[in-house]
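Examination of the molecular architecture
In case you want the letters, here they are:
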Amino acid sequence: MFFENTKTQTLVNETNLATSTERKSTVNVLPYLAEIDRRKAYLEYDCESMIKFCTKEFKYSETAAIRRVKAARLLRDVPTILPAIAEGKLNLTTLSIASDFFKGEKIKDPAKKSTIINNLQDKSTREVEKLLFENASPDSSFRRKSRLKRVSATDWELTVTITDKLKTSLDRIRELKSHSIQNYEDL
C-alpha cells in the first residue's frame, strides 16, 4: 500500500492537511459555478441544465454536481457559506439539504436563509435533516417527498415520508398479520 511505513499520527496529520486543501478547492470552485449558472453559460455547451454541464464538462458524478450547483446557488444569497466550508463547519450535503428546505418552504429572504444555515453549522447530516424536518410546515414539499428509483432491471426502490400516525397503523397491521406479513413491502 501507499502508506505502509507511515506512522499513524503522520498519516492523520497529512490527511488533515489534504482535507483542508480539498475544502479550499471547493470554496474556489463554487463562485465559478455560481457565475456560469447566473450567465446560463451551460447553454452554449449544448447542455440543458447546469447539472448536465457539470457532469459533462467537469466530470462530476450526478450527485456531486447536484450538491455543488445547489451550494453555488445558495452562495448568491449567503456568501458566508464559503468561509464556513473552508473551516469545515458546513459541507455540500448540508447545503444541498438546506437548499431543498428553502425550496419546499418557499424561503427567498437571504437574511432568513443565512440565519438557518448558521444554525446548521457543525451538525451531522442526520442532525440537519431532523432539525429542518421538524421546522418544515406540515404540507411542505420538503416534508412530504417521495422518490422512485430503479435499482435493477426488475426492481424499484420507493422512498416515502410518512407521519407517526401512519407508521403506527402500519405497525398494527403487521402485528395483526404477522403470520403472513414479514416486512413493510408485504403490506
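Further up the page is the structure itself.
Because the structure is a prediction, the values reported are computed rather than measured.

Taken as a whole and judged by the stated rule, the model has six aromatic pairs. A centroid spacing of 5.2 Å and a plane angle of 85° characterise the contact between phenylalanine 53 and phenylalanine 58, whose relative ring orientation is edge-to-face. For the ring pair phenylalanine 58 and tyrosine 60, a centre distance of 6.5 Å and an interplane angle of 65° mean the geometry is edge-to-face. Relative accessible area serves as the criterion here: at 22%, tyrosine 60 is assigned to the partly exposed category. Three or more aromatic residues joined by ring pairs make a cluster, and in this case those are Tyr45, Phe53, Phe58 and Tyr60.

Viewed as axis vectors pointing N to C, helix α5 (residues 92–105) and helix α6 (residues 110–120) meet at an angle of 140°, and their least axial separation amounts to 11 Å. Crossing geometry of α5 relative to α6 is assigned as right-handed. Taking contact as the criterion, the partners of Thr94, Leu95, Ala98, Phe101 and Phe102 in α5 are, on α6, Lys113, Ile116, Ile117 and Leu120. Of the residues that constitute the contact of α5 with α6, the class distribution is seven nonpolar, one polar and one charged.

Let us now look at α5. The terminal C-alpha atoms of α5, which comprises 14 residues, lie 20 Å apart, in line with the 20 Å expected from a rise of 1.5 Å per residue. Counting buried positions along α5 gives 10 out of 14 residues, so the element sits mostly inside the fold. Taken together, the buried positions of α5 are Leu92, Thr94, Leu95, Ser96, Ile97, Ala98, Ser99, Phe101, Phe102 and Gly104. Buried residues along α5 sit in contact with α1 (8–39), α3 (62–77), α4 (81–86), α6 and α7 (125–135). Between the side-chain oxygen of the N-cap and the backbone nitrogen of threonine 93 there are 3.0 Å, and the N-cap of α5 in question is asparagine 91.

Moving on to unusual backbone geometry. The bulk of non-glycine residues show a negative phi, and the bulk of peptide bonds are trans. Positive phi is not limited to glycine here, since lysine 40 has a value of about 55°. In this structure, lysine 40 sits in the loop between α1 and α2 (50–57). Backbone geometry places aspartate 46, a non-glycine residue, at a positive phi of 60°. Position of aspartate 46 among the secondary structure elements: in the loop between α1 and α2. With relative accessibility at 72%, the residue aspartate 46 sits in the exposed group.

Bridge count between strand β1 (residues 146–150) and strand β2 (residues 156–160): five bridges; the pairing is antiparallel. Residue pairing in the sheet places lysine 149 in a bridge with glutamate 157 of β2. Counting the residues between successive antiparallel strands, the hairpin from β1 to β2 contains five residues.

Reading guide: rules and limits
- Residues numbered from 1 in each chain as written.
- Predicted model: local features only at pLDDT ≥ 70, side-chain atom pairs only at ≥ 80, totals over all residues.
- Heavy atoms only, no water.
- Phe/Tyr/Trp six-rings, centres within 6.5 Å; stacked < 30°, edge-to-face > 60°.
- Buried < 20%, exposed > 50% of the residue type's maximum accessible area, 1.4 Å probe, protein only.
- Axes fitted to C-alpha atoms, helices over the stretch in contact; angles between N-to-C directions.
- Helix = DSSP H or I, 4+ residues; strand = E, 2+ residues; numbered from the N terminus.
- Left-handed = near helix turned anticlockwise from the far one by under 90°.
- Contact = heavy atoms within 4.5 Å.
- Nonpolar A, V, L, I, M, F, W, Y, C, P; charged D, E, K, R; others polar.
- Expected span 1.5 Å × (residues − 1).
- Polar contact = N/O pair within 3.5 Å; in protein donor to acceptor, adjacent residues only side chain to side chain.
- Pairing = 2+ DSSP bridges.

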